[in-house]
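# Architecture at a glance
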4 protein chains.
Amino acid sequence: MPDIQPASNASCPRATSRERNTAVRITDCLTIGDGDLTVIAGPCAVEGHAMLLRTARAVQSAGAIMLRGGVFKPRTSPYSFRGLGAEALEMLAAARAETGLAIVCEVMDASQLPALIDVVDVLQIGARNMQNYTLLTAAGECGVPVLLKRGMSATIGEFLLAAEYVLAHGNPNVILCERGIRTFETATRNTLDVAAVPVLKKETYLPVLVDPSHAGGRADLVLPLSLAAVAAGADGLLIEVHPDPATALSDGPQSLTFDAFDDLMARVKPLAYLCGRPVATATRGQRQRRPRRTGATAMPA
Amino acid sequence: MPDIQPASNASCPRATSRERNTAVRITDCLTIGDGDLTVIAGPCAVEGHAMLLRTARAVQSAGAIMLRGGVFKPRTSPYSFRGLGAEALEMLAAARAETGLAIVCEVMDASQLPALIDVVDVLQIGARNMQNYTLLTAAGECGVPVLLKRGMSATIGEFLLAAEYVLAHGNPNVILCERGIRTFETATRNTLDVAAVPVLKKETYLPVLVDPSHAGGRADLVLPLSLAAVAAGADGLLIEVHPDPATALSDGPQSLTFDAFDDLMARVKPLAYLCGRPVATATRGQRQRRPRRTGATAMPA
Amino acid sequence: MPDIQPASNASCPRATSRERNTAVRITDCLTIGDGDLTVIAGPCAVEGHAMLLRTARAVQSAGAIMLRGGVFKPRTSPYSFRGLGAEALEMLAAARAETGLAIVCEVMDASQLPALIDVVDVLQIGARNMQNYTLLTAAGECGVPVLLKRGMSATIGEFLLAAEYVLAHGNPNVILCERGIRTFETATRNTLDVAAVPVLKKETYLPVLVDPSHAGGRADLVLPLSLAAVAAGADGLLIEVHPDPATALSDGPQSLTFDAFDDLMARVKPLAYLCGRPVATATRGQRQRRPRRTGATAMPA
Amino acid sequence: MPDIQPASNASCPRATSRERNTAVRITDCLTIGDGDLTVIAGPCAVEGHAMLLRTARAVQSAGAIMLRGGVFKPRTSPYSFRGLGAEALEMLAAARAETGLAIVCEVMDASQLPALIDVVDVLQIGARNMQNYTLLTAAGECGVPVLLKRGMSATIGEFLLAAEYVLAHGNPNVILCERGIRTFETATRNTLDVAAVPVLKKETYLPVLVDPSHAGGRADLVLPLSLAAVAAGADGLLIEVHPDPATALSDGPQSLTFDAFDDLMARVKPLAYLCGRPVATATRGQRQRRPRRTGATAMPA
């Protein structure tokens, strides 16, 4: 029988290390977890160039600093809309160039990484893939910041061990995201485990975001859940916004209109300020994405 | 076979009625659900006269307007401390007389009602008894305000139907309390379903409190969960405070020290103010308990 | 502060004691947990004399040895049918006299005990009341055999501690009943935790029944769940049968017709025999209920 | 915006189709779901050639007809043993050649498919990957029989839609496997949802296996859960067996010794026979794996 040893990871940060509060640098002028509240917004899926750009401008105007938008969509049914793929990536790149917003986009499989890392600033790993170890490993090796969502029935301990996969493969830039867990309650799509925010903040140095859109699954709950998340200490919010939720190809019932997102930001800003975590705003100047990892990349200073 | 008809309830408010936002009047100068934030605090169980009075004064000084304290304790094991019973009721009455704080106390069984309603201002029905229909019916008939906790695996729909038992038996003074639900997560004692607050506020006219002590089961989580509850729109908080949590006869790990409760109130007050729901303060003058129901009691004007 | 001590229980059996396999004697000729499989069947609620007697004769003919039938029904909504009360108790007594079947009937509140213990052979404490400690205590003191159902979100540990309440108050005649737990799955009313059967059999000396009717909530699942329960080692089954499930006042969707119950018994009998736990049959002669407890009642030899 | 249409799937069987009971042919002389009970056994992970061969012979001698053994192991922690990889595949091939047992082996990622499909007869997709749509799609396209495990918090509906991904990509050879779901209960690793067996058998034509090892997570529960599964109508069992569970590199606490597996088979055989689903035995002659899919493969006649 062969010699079996865990890979050496002596020099790697651990999710459960708390030596310092480590922010994740996304671009020259954008960092998550540095004490400000990062608001990320955009459509569930990129459905076209015009809708994406309109949404990007609307959420930027309201105060979002990053744009989300799905290109490859994991869907429970094989007959649901599964994203526009490569074509949508070009739309994201164009929206990035036109607005300066940094881009968050989900990766479903390691084979999609090469195409994505040329365009996106943050790779999202979704709840269904939280224990897709091949993907976690590849995301660890590529070095691009990773927004890791909690699995729908993952304990906090399992969530941290999933983050550990990324860290153990050399990528310290992990952002955690609570997005609701599966319970018996049916009034909401999932149950937002708001206590996960302070628990994660205690047990790890990683930034912690909350996705109130998937947690509640209802547009009318996005505002109160956002406020609760900020009050509980979240480092940011990930919110679905669509020009016309009624016709969205996915997640319409939980997507906000532009007006609703404006209202939400008007409520979130003073709360975030009061909580000592003001909403992050963009600094001027051309944004540069953080240099890609070339092997020995250290953690951000 | 006999004639089977549901009891007539034509004149009774329904939990799911939303005709008006109905506050529950507790005393001449204390109302829950009128737009202010009601803070209720005190020990899990009344353990003695001195500890109760010290705690009452400490929480009152920090801004609590009502005192909680268990007399009959439902305990998972028959060998755990189950409360001091009638003796503790006298201690509660004394604390009420000395501090003017209104009293919340749990009733476990209809047979305890006569003794309790002479002393307490609000009857608490605990999570384990949320579907104890004999108790709900008796609490409905007695007319005293009822603080009804959500069962640990009750859906929001079942919670409202339990409230309906109290309402249908003639008592409109029901206050709902979210206290965490049972899930697979083990980092916390229960999972605070913070979304239940806005959902309940939408589906019913009843005031909605949150118990962050039982929800998290950890003293270090009481503050962030309290803030989250207030931000999500709760009408009040129910918090366990003990002079020396390490020696508490029950719920020590989730009880706050006086200092921790002071700190919590210092954080809650500005947040509650910002959220348009300032912490309720006592008005001057002798408090009179609301007149007990005598049959035709209308809802509070 | 007063002296606080757990009640002395030195001479009381514990649920977790495993010194011997203790069967619970119900009548002179009926014992549960003695190695045979006890089948209990009948309507959810007693709806009338004729329907009860017809059902009693049908289930007896198919092989059931005890009759179930609710008199006071715990219902989630106060506007649902809640049982015929005292009138139904007389119908149960008549059915008992006419068929010789022993009677299982739910008690919802300690105040109902005096009326019930004159008629029934086994007191059922339902899932909603598993932690109604006043009721558990009263059931412990009355000495009548208790069929205790697992709470819908009770752990096995909590289930055993609830049984301990009955035992600690002097009543060793406790029969446990797994009836499904609450999970996220919606295809079934509850999720039958079939593993609870062998776990309970390992951790306690008490008999363990399974209620496949409430576990699945679907008539079409009663047969496979019954077979699974027997194969897993259950000491008995508790099954809802109704002359016309489509018109039942409660639990119609999970009630079996007489024919379906016949078919079930035809499948259960050979399986139970193969598993070394043949279906119990009544011995001849007049049945006498076991003498009621008069203080010093020993456990069955 | 591009034209968005679900892929045409007119000619594809659906998981929810019930036109016929479709068995999945594995080799010339081995079919799953044809009315017999298929027993698959072996170690959690292939740890070496000798241990694998010993185990293969032991389980074959006791009546298993297929060998399981992990090569790539999904592990919650990145520091746990993750399988021997390609080397273990050779050991599986050798065990197959020496014993004639067909091989079930987990695939964690589409990139592992080419190596696996040369060796294994059935590809297992694990609970963590039940919604890894890239993998499901690739498994659908490769045509090799797929044993799909239910996700740990997947509803039965989601489970069937995951199967639909494989079917919709042209592979009708899907075998479902219930392996326990995540609940609040901590006495067992997961909660075996035994009702899922009859529900799945009603809603789909696919064979349904049960994995009692992962469901309970305890060696002492494998026997009762196996018996319950057979009684509930399962088409087969997937059981972990190890020469020395105490030293197993993974899943030791739930692995059976050879003797315990012998005892289990001695109990399963008569029960399966009684249930009209006798344990499948190998027919004589050289086994040929089923021809690999070359595009137009029809379903087995």
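In this text, all values refer to a predicted model and were calculated from it rather than measured experimentally.

Turning our eyes to something else, we now look at the interface of chain D and chain C. Contacts between the two partners involve 34 residues from chain D, matched on the other side by 34 residues from chain C. The largest share of the area that chain D buries against chain C comes from Phe184, Glu185 and Leu274 of chain D, three residues that together contribute 19% of it. Between Asp220 of chain D and Lys202 of chain C there is a salt bridge, with the nearest N and O atoms lying 3.0 Å from each other. Linking chain D with chain C are six residue pairs in polar contact (both at pLDDT 80 or more), by the criterion used here. Broken down by secondary-structure element, the contributors of at least two residues to the side of chain D that touches chain C are α6 (196–203), α8 (219–232) and α9 (258–274) of chain D. Sort the elements by how many residues they give to the side of chain D that touches chain C and α8 of chain D lands first, with eight residues. For the side of chain D that touches chain C, the class distribution of residues is 22 nonpolar, five polar and seven charged.

Attention shifts here to the pairing of strand β6 (residues 122–125) of chain B. Residue and element names in this part refer to chain B. Of the two faces of β6, the one carrying Val122 and Gln124 and the one carrying Leu123 and Ile125 are both buried. Sheet topology note: the strand β5 (residues 102–106)/β6 ladder contains three bridges and is parallel. Directly across from Cys105, in β6, lies its bridge partner Leu123. Here β6 runs beside strand β7 (residues 146–149); their pairing, made up of three bridges, is parallel. Paired with Leu123 across the bridge in β7 is Val146. For the segment spanning β6, helix α4 (residues 133–142) and β7, crossover handedness is right-handed.

The tally for this structure, following the rule as stated, stands at 52 salt bridges over all chains. Note that Arg182 of chain B is salt-bridged to Glu158 of chain C, the shortest N-O span being 2.7 Å. With Arg182 of chain B in the loop between β8 (174–178) and α6 (196–203) and Glu158 of chain C in helix α5 (residues 156–168), the pair connects residues from two separate chains. The network of salt bridges with shared partners includes Arg150, Glu178 and Asp193 of chain A together with Glu185 of chain B.

This part covers the packing of aromatic side chains. Ring pairs (aromatic) are described by centroid distance and by the angle formed between their planes. Residues and elements named next belong to chain C. The final tally for this structure, using the stated rule, is four aromatic pairs over all chains. Judged by centre distance (4.3 Å) and plane angle (20 degrees), the ring pair of Tyr133 and Tyr165 falls under stacked. You can see Tyr133 sitting in helix α4 (residues 133–142) and its partner Tyr165 sitting in helix α5, a full 32 residues away along the chain. The class for Tyr133 is buried, based on a relative accessible area of 3%.

Next up on the list: the interface of chain D and chain A. With 40 residues of chain D at the interface, the matching set in chain A holds 40 residues. When chain D packs against chain A, close to 3500 Å² is buried across both sides, 57% of that on carbon and sulfur atoms. Looking at the side of chain D facing chain A, the largest losses of area belong to Thr76, Tyr79 and Tyr165 of chain D, adding up to 18% of the total buried there. Run the count over chain D and chain A and you get two salt bridges. Every element with two or more residues in the side of chain D that touches chain A is listed here: α4 (133–142) and α5 (156–168) of chain D. For the side of chain D that touches chain A, the leading source of residues is α5 of chain D, giving six residues. Classifying every residue of the side of chain D that touches chain A gives 18 nonpolar, twelve polar and ten charged.

Scoring rules and cut-offs
Residues numbered from 1 in each chain as written. Chains lettered and ligands numbered in written order. Predicted model: local features only at pLDDT ≥ 70, side-chain atom pairs only at ≥ 80, totals over all residues. Heavy atoms only, no water. Contact = heavy atoms within 4.5 Å. Buried area = accessible area lost by both parts, 1.4 Å probe. Salt bridge = Lys/Arg side-chain N within 4 Å of Asp/Glu carboxyl O. Polar contact = N/O pair within 3.5 Å; in protein donor to acceptor, adjacent residues only side chain to side chain. Helix = DSSP H or I, 4+ residues; strand = E, 2+ residues; numbered from the N terminus. Nonpolar A, V, L, I, M, F, W, Y, C, P; charged D, E, K, R; others polar. Buried < 20%, exposed > 50% of the residue type's maximum accessible area, 1.4 Å probe, protein only. Pairing = 2+ DSSP bridges. Right-handed = clockwise from strand over helix to strand, strands pointing away. Phe/Tyr/Trp six-rings, centres within 6.5 Å; stacked < 30°, edge-to-face > 60°.

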